[in-house]
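Architecture and fold: a report
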Amino acid sequence: MENTKDLNILHNPKEKADWFGMFDGYDSCSEDTSSSSSSEESEEEAAPLPANLPIIKNNGQVYTYPDGKSGMATCEMCGMVGVRDAFYSKTKRFCSVSCSRSYSSNSKKASILARLQGKPPTKKAKVLQKQPLVAKLAAYAQYQATLQNQAKTKAGNSAISVEGFSWGNYINSNSFIAAPVACFKHAPMGTCWGDISENVRIEVPNTDCSLPTKVFWIAGIIKLAGYNALLRYEGFENDSSLDFWCNICGSDIHPVGWCAASGKPLVPPRTVQHKYTNWKAFLVKRLTGAKTLPPDFPQKVSESMQYPFKPCMRVEVVDKRHLCRTRVAVVESVIGGRLRLVYEESEDRTDDFWCHMHSPLIHHIGWSRSIGHRFKRSDITKKQDGHFDTPPHLFAKVKEVDQSGEWFKEGMKLEAIDPLNLSTICVATIRKVLADGFLMIGIDGSEAADGSDWFCYHATSPSIFPVGFCEINMIELTPPRGYTKLPFKWFDYLRETGSIAAPVKLFNKDVPNHGFRVGMKLEAVDLMEPRLICVATVTRIIHRLLRIHFDGWEEEYDQWVDCESPDLYPVGWCQLTGYQLQPPASQSSRESQSASSKQKKKAKSQQYKGHKKMTASQLKEELLDGEEYSFLHGASDQESNGSATVYIKQEP
């Protein structure tokens, strides 16, 4: 009866003021705190040969492979014969990324349609047997179907159902650590996360209660994982039986004292209701000196999720089919600061591109002309009704540079992240110097004759590096395609090509205290298919450069990304913004599907990472209607500025 009496206090207006008075004067938290899709199937490497065995090249010259393995390979796309080690990826079936993708795009539609009809795939299409590519194709097609039928299939037809994936369970069961929210300045609350940490108390809905109305209780943070927190109700002490995960930025999460101000009842959980006869005294003792969320925390969350970009705004964005130029696109939708841009000439509005509003890939109308960048003129002579140019001040700013003194020159050599294969850093050349510090970069040995695959990097971009950067930091440097003098030596290459290295002092050497650590979990954009955001891990850190691995996928899908890239997000970002999260690939589902294909069963559905299936008719419709099946172009550099520091050797 005493317990009942204490609970009755919560519903007695005369005693309510005294009950809530215990929250007066408590401290608050401080508010201020400072892959590309490869198309090769798995193959065994060639058997080792004697190291002194000569290998005859197609031009009649003799070459002995340094480590004794078979030294030559023939590209299955273009027929080029070259040094095996210089060929793309582990399987060495193609001389370059472009040949690999051309081979894939020529065969993928025929192969998948053949599977849907129960026919064996052609020899040329066997490349699709690799599960990750099939999975990504299915994800892409299904996501398109979801966008088109969002009103009808809001819950049932999502590309990858997250019902079977829980960040909390994933973190707990593997003892993972998530990157702190403060690492992501572009994300909601990234600059005002404050001192939110373990032991902070908050008011949350009490789910261990039989009352018919929603009531609240106080819980403490046991563990943080991005926006998500593992909570334990007050009164449970060391009992973790009712611990639960929730998103701290959710609408039902409040600072201690919110119930008092809002007239909401605080009710102890039923499981521990019997433990104390005087819950008020218990809470006063427990909460004295404890921290809670800032009083304006919900307001700050709301403000940080307001985005200046709106639908119908026009921008200039990289042309995903010709990296060397930009095109006009229109903002179709905004989700969490990410923009779905539809190229202006797309009549059916399916030719789109995804990027963050702070991406270096988008610019104001007129930017290309102002710096001398190539631009695809639109066939549309005037703006469509309702469309308007985005104000220039909304775009990410780059550091101003002085080009009057010693500066980059055409023909200078450097190292750069390949925008077509973000897992590699390649030998590159400055092909053109533009205004305002922008440079056109070409990847040596794989450039198109017309320069259509040159890519625009700013001089301060963290995705370009001085000659020797990879060697100093023990990163594998990708040599030019067909280059035979291996292992690659910069000194020899510069002498042979009659080139000079770009001066080290011209590169961005600022390394912010970003807070990332190896092994941290996060949510990351697959920049080769930039509509997808996946569960990912930081696997290497070189100064400000992060190696991002997509959980459950092979390392060849990894991406080098800058620590300030707007394509990285805290754990829980997708849940907070309503974006679709791609769970880790399930090994068991991969093995199951591989076994199924070996038995030559009909593929009546394409399965993505072991979760929600997509029907054959849905996939077939998407393959017949769409031209693009994967995003082959992306970039990971985020322009930055700051005081200069020196490059130092850092262990992986």
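An unreviewed UniProt entry annotates the protein as Mbt domain containing 1 of Rattus norvegicus. The record held by UniProt for the protein lists under Subcellular location (unreviewed entry) the comment "Nucleus".

We now examine the pairing of strand β14 (residues 352-356). The element β14 is largely enclosed, with a buried count of five among its five residues. The two faces of β14 match: Asp352, Trp354 and His356 on one face and Phe353 and Cys355 on the other face are all buried. Sheet analysis places strand β13 (residues 338-343) next to β14, joined by five bridges and oriented antiparallel. Across the sheet, the residue bridging to Val342 is Asp352, located in β14.

This paragraph deals with the sheet that holds strand β10 (residues 254-255). By definition, the strands of a sheet pair up through backbone hydrogen bonds, in either a parallel or an antiparallel sense. Judged by pairing direction, the sheet is antiparallel, and its five strands sit side by side in the order β9-β8-β7-β6-β10 without closing on themselves. The open sheet has two edge strands with one neighbour each: β9 (244-247) and β10. Packed onto the sheet, helix α7 (residues 279-287) meets β6 (201-205) and β7 (216-225) and runs at close to 30 degrees relative to β7.

Let us now look at the side chain of Ser359. Mapped onto the elements, Ser359 comes out in the loop between β14 and β15 (362-363). By relative accessible area, Ser359 is classed as buried at 4%. A polar side-chain atom of Ser359 sits 3.0 Å from the main-chain amide nitrogen of Leu361.

A separate point is the packing of aromatic side chains. Scanning the entire structure with this criterion turns up 29 aromatic pairs. A ring pair is formed by Phe216 and Trp258, whose centres lie 5.2 Å apart and whose planes are at 65 degrees; its orientation type is edge-to-face. Taken together, the residues Phe216 in strand β7 and Trp258 in helix α6 (residues 258-262) connect sequence positions 42 residues apart. Classification of Phe216 as buried rests on a relative accessible area of 3%.

Secondary-structure assignment places Phe244 in strand β9. Using a relative accessible area of 22% as the deciding quantity, one classes Phe244 as partly exposed. Contact partners of Phe244, with chain neighbours within four places excluded, come to Val204, Ala229, Leu230, Leu231 and Tyr233.

On to the pattern of salt bridges. Taken as a whole and assessed by the stated rule, the structure comprises 28 salt bridges. Note that Arg314 is salt-bridged to Glu344, the shortest N-O span being 2.9 Å. Placement of Arg314 in strand β11 (residues 313-319) and of Glu344 in the loop between β13 and β14 is noted, with a sequence separation of 30 residues between them. Taking the relative accessible area as the measure of exposure, Glu344 reaches 7% and is therefore buried. Here Arg547 makes a salt bridge to Asp558, at a shortest N to O gap of 3.4 Å. One end of the pair, Arg547, is in strand β26 (residues 545-550); the other, Asp558, is in the loop between β26 and β27 (559-562), and 11 residues separate them in sequence. Accessibility assignment for this pair places Arg547 and Asp558 in one class, buried.

Looking now at the pairing of strand β24 (residues 520-525). Extensive coverage of β24 is indicated by the burial of six of its six residues. Across the two faces of β24 the burial is the same, with Met520, Leu522 and Ala524 and Lys521, Glu523 and Val525 all buried. Where strand β5 (residues 177-178) meets β24, two bridges bridge the pair, whose relative direction is parallel. Paired with Ile177 across the bridge in β24 is Met520. With two bridges connecting them, β24 and strand β28 (residues 568-569) associate as antiparallel partners.

Averaged over every residue, the pLDDT of the protein is 76; the share at 70 or more is 67%. Overall, residues 1-70 carries pLDDT values under 50, and its contacts beyond four positions in sequence, including any with other chains, amount to 162 contacts.

Turning to the state of the cysteines, a few remarks are in order. Here is the idea: a disulfide is a covalent bond, and it sits between the sulfur atoms of two cysteines. Under the definition given, this model contains zero disulfides. Lacking any disulfide linkage, Cys426 is separated from the closest cysteine sulfur, that of Cys470, by 8.7 Å. Cys534 carries a free sulfur, and the closest cysteine sulfur to it, the one in Cys574, is 8.9 Å from it. Judged by its relative accessible area of 4%, Cys534 falls in the buried class.

Along the polypeptide, Ser197 turns up in the loop between β5 and β6. Overall, Ser197 belongs to the partly exposed group, its relative accessible area being 33%. The spacing of Ser197 and Pro180 is 17 residues in sequence and 9.8 Å in space, taken between C-alpha atoms. The residues contacting Ser197, other than those within four sequence positions of it, are Ile221 and Leu224.

What counts, and where the lines are drawn
- Residues numbered from 1 in each chain as written.
- Predicted model: local features only at pLDDT ≥ 70, side-chain atom pairs only at ≥ 80, totals over all residues.
- Heavy atoms only, no water.
- UniProt positions renumbered as here; feature names shortened; annotations may be inferred.
- Buried < 20%, exposed > 50% of the residue type's maximum accessible area, 1.4 Å probe, protein only.
- Helix = DSSP H or I, 4+ residues; strand = E, 2+ residues; numbered from the N terminus.
- Pairing = 2+ DSSP bridges.
- Contact = heavy atoms within 4.5 Å.
- Axes fitted to C-alpha atoms, helices over the stretch in contact; angles between N-to-C directions.
- Polar contact = N/O pair within 3.5 Å; in protein donor to acceptor, adjacent residues only side chain to side chain.
- Phe/Tyr/Trp six-rings, centres within 6.5 Å; stacked < 30°, edge-to-face > 60°.
- Salt bridge = Lys/Arg side-chain N within 4 Å of Asp/Glu carboxyl O.
- pLDDT = per-residue confidence, 0-100.
- Disulfide = S-S within 2.5 Å.

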